[in-house]
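Listed here are the chains, written in short residue letters.
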Amino acid sequence: MLIANMQHDTRLKQLVRITKFIPREYRAHEAKLMVAKWPAYRFMSPFEATKAFHDEYREAYRNYHKQNVDLEESKNIRIGEKLSFWKPSAHLTQLWRARQHADELGMPYRTYLWFAFDFASRCKRNHAPQPNQLRPSTKAHDAWYCKLAEFWTSEHHLTELGRIEPMGQYAVENDKGLPAQCQFRSDLVESLKLHKGPLDFLLGKYVYALRYLRLEDCAPIGASAVELAAKRVHLEREAGEHAPEDYGKLKRSAFFQSCFGLPGISADDPVCGSCPHRKECSFVRSKVTERVEAATGAADPLEEKKRLATRERVARYRARQREKELANRAVSCPRSDG
């Protein structure tokens, strides 16, 4: 069993909080987003990822204000300070959805926010965009994605990959066949295929230093090009370059993918079907649900609240309809005086 005891595990507490605070319709997407999002976030819980997005958003907002409104005012801006991660709110849900959009696009949060705020400045907005305004409007949809394609190029993607702090979860010696790992290797090879310059540095970095790829994984890039680059890298390694990264021994929890144990995700999701952690994930989901139900009286309190509100709305509507029907009968059947 991947988790012998999660009674006091931080991740379990986060999952409980997410289930209590975030509607199921948004939690349901996290498995698909896990293999789409920027690789640095794939082993981060969606709660931690949303907090990281929040930090980057606040910084981007201050920078926007500094550049487009007032330098001195920007120093005292307290945007987002009142947002609580300890209770459900519309603002928290909006932030969650904004983070998910960045994940859909597979971009680092800082890069995504830089683009979104820059696009807003080009549109001469009087105010910096709120989290629910980071997506393109219907009117600006085509222009937004056209500019994004110009901005988020394959070379830009590869440059940002080079800035990720070394992650032992992606080292080949730690390969567990997880969807996050498989997708990362596939995406990395595709990025290297689009690279127009020499492969020496990239092979040295990703094959020998970080060990994210085996040399044979690079075959789709071009056998002859890889073979020549590997020979040059071999000489560089003999000269002391491309020293291997020491990841140490990673804890089991380091391999929890971002969607791990989150109620709301269907076990029939294609991502789940190929995941070695499927059984353990299902076990943790059940534990999370038990704790949520024990604390709130419902396995999914937001869904239960929505159902109760719907019932009350329907009951009020039917009561009004009955009143109207009785009033209409009274009009159509006036009382006789004898």
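Residues numbered from 1 in each chain as written. Predicted model: local features only at pLDDT ≥ 70, side-chain atom pairs only at ≥ 80, totals over all residues. Heavy atoms only, no water.

Considerations on the overall build of the protein
Tallying secondary structure elements over the protein gives 15 helices and zero strands in all. The C-alpha atoms of the protein give 26 Å as radius of gyration, which overshoots the globular expectation for 338 residues (20 Å, by more than 25%). Its C-alpha atoms put the protein at 115 × 55 × 40 Å along the principal axes. Scored against the burial criterion, the 338 residues of the protein give a buried share of 44%. (Helix = DSSP H or I, 4+ residues; strand = E, 2+ residues; numbered from the N terminus. Rg over C-alpha atoms; globule rule 2.2 N^0.38 Å. Buried < 20%, exposed > 50% of the residue type's maximum accessible area, 1.4 Å probe, protein only.)

So, the state of the cysteines
A complete count under the given rule lists zero disulfides for this structure. Cysteine cysteine 123 remains unbridged, with the sulfur of cysteine 146 as its closest cysteine sulfur at 13 Å. There is no disulfide at cysteine 272, and the cysteine sulfur nearest it, in cysteine 259, is 6.1 Å away. (Disulfide = S-S within 2.5 Å.)

Quick word on the environment of methionine 44
Looking at where methionine 44 falls in the secondary structure, it is placed in the loop between α3 (30-34) and α4 (46-68). Between the alpha carbons of methionine 44 and histidine 157 there is a distance of 20 Å; along the sequence they are 113 residues apart.

Digging into unusual backbone geometry
Phi is positive for arginine 211, which is not a glycine, with a value near 60 degrees. Tracing the backbone through its elements, the reader meets arginine 211 in the loop between α11 (200-209) and α12 (223-238). Of the residues examined, arginine 211 reaches a relative accessible area of 16% and is grouped as buried. Even without being glycine, histidine 242 reaches a positive phi, approximately 60 degrees. Inspection of the secondary structure puts histidine 242 in the loop between α12 and α13 (270-273).

Some thoughts on the packing of aromatic side chains
Scanning the entire structure with this criterion turns up 19 aromatic pairs. Seen from their ring centres, tyrosine 170 and tyrosine 212 are 6.0 Å apart, and the 80 degrees between their planes marks the pair as edge-to-face. Of this pair, tyrosine 170 sits in the loop between α9 (154-161) and α10 (179-194) while tyrosine 212 sits in the loop between α11 and α12, placing them 42 residues apart in sequence. Both residues of the pair, tyrosine 170 and tyrosine 212, belong to the buried class. Here phenylalanine 184 and tyrosine 212 contribute two aromatic rings whose centre-to-centre distance is 5.3 Å and whose plane-to-plane angle is 80 degrees, an arrangement assigned as edge-to-face. Here tyrosine 212 lies in the loop between α11 and α12 and phenylalanine 184 lies in helix α10, a separation of 28 residues in the sequence. Taken as a pair, phenylalanine 184 and tyrosine 212 share a single burial class, namely buried. Above the plane of the ring of phenylalanine 85 lies lysine 51, whose end atom (NZ or CZ) is 5.6 Å from the centre. (Phe/Tyr/Trp six-rings, centres within 6.5 Å; stacked < 30°, edge-to-face > 60°. Lys NZ or Arg CZ within 6 Å of the ring centre and 35° of its normal.)

A word on the packing of α4 against helix α7 (residues 109-122)
It is the contact of α4 with α7, at a shortest axis distance of 9 Å, that shows an interaxial angle of 35 degrees. Both α4 and α7 take part in a crossing whose hand is right-handed. Only Tyr109, Arg110, Tyr112, Leu113, Phe117, Ala120 and Ser121 of α7 make contact with α4, whose side of the interface consists of Ala49, Ala52, Phe53, Glu56, Tyr57, Ala60, Tyr61, Tyr64 and Asn68. For the contact of α4 with α7, the class distribution of residues is twelve nonpolar, two polar and two charged. (Axes fitted to C-alpha atoms, helices over the stretch in contact; angles between N-to-C directions. Left-handed = near helix turned anticlockwise from the far one by under 90°. Contact = heavy atoms within 4.5 Å. Nonpolar A, V, L, I, M, F, W, Y, C, P; charged D, E, K, R; others polar.)

Describing the layout of surface pockets
To find leftover empty space, one rolls a probe the size of a water molecule over the atoms. Its volume calculated, the largest pocket comes out at about 420 Å³. Around the largest pocket, the lining is made up of 17 residues, and of these Trp38, Tyr41, Pro108, Glu160 and Arg163 lie nearest the centre. Broken down by secondary-structure element, the contributors of at least two residues to the lining of the largest pocket are α4, α7 and α9. Counting residues per element, the lining of the largest pocket draws most heavily on α7, which supplies three residues. Taken together, the residues that form the lining of the largest pocket break down as ten nonpolar, two polar and five charged. (1 Å grid on protein atoms, 1.4 Å probe; cavity = no way out; pocket = protein on both sides within 12 Å on 5 of 7 lines; lining within 4 Å. Points joined across faces, edges and corners; volume = space filled by probe spheres on them.)

Comments concerning the packing of helix α1 (residues 10-21) against helix α14 (residues 278-296)
In helix packing, the relevant descriptors are the interaxial angle and the interaxial distance, both defined with respect to the helix axes. Between α1 and α14, the shortest axis-to-axis distance is 9 Å and the interhelical angle comes to 60 degrees. Regarding the angle of α1 to α14, the classification is oblique. The hand of the α1/α14 crossing is right-handed. Each of Leu12, Leu15, Val16, Thr19 and Lys20 in α1 lies in contact with α14, whose residues at this interface are Val284, Val288, Arg291, Val292 and Thr296. (Parallel < 35°, antiparallel > 145°, perpendicular 65-115°, else oblique.)

Some details on the confidence of the model for the protein
For the protein, the mean per-residue pLDDT works out to 89, and 92% of the residues sit at or above 70. Of all secondary-structure elements in the protein, the lowest mean pLDDT belongs to helix α5 (residues 71-75), at 54, while α3 reaches the highest, 97. (pLDDT = per-residue confidence, 0-100.)

Concerning the side chain of threonine 19
One can find threonine 19 in helix α1. Of the residues examined, threonine 19 reaches a relative accessible area of 1% and is grouped as buried.

Focus: a positive patch on the surface
On the surface, Arg313, Arg316, Arg320 and Lys324 cluster together to form a positively charged patch. Tracing the sequence through the fold places arginine 320 in helix α15 (residues 301-332). The exposure class of arginine 320 is partly exposed, given its relative accessible area of 44%. (Patch = residues over 30% accessible without salt bridge, like charges linked within 9 Å, V, L, I, M, F, W, Y side chains within 5 Å. Areas by Shrake-Rupley, 256 points an atom, 1.4 Å probe, with all protein chains shown as cover. Salt bridge = Lys/Arg side-chain N within 4 Å of Asp/Glu carboxyl O. Lys, Arg positive; Asp, Glu negative; His and termini not counted. Charge placed at Lys NZ, Arg CZ, Asp CG, Glu CD.)

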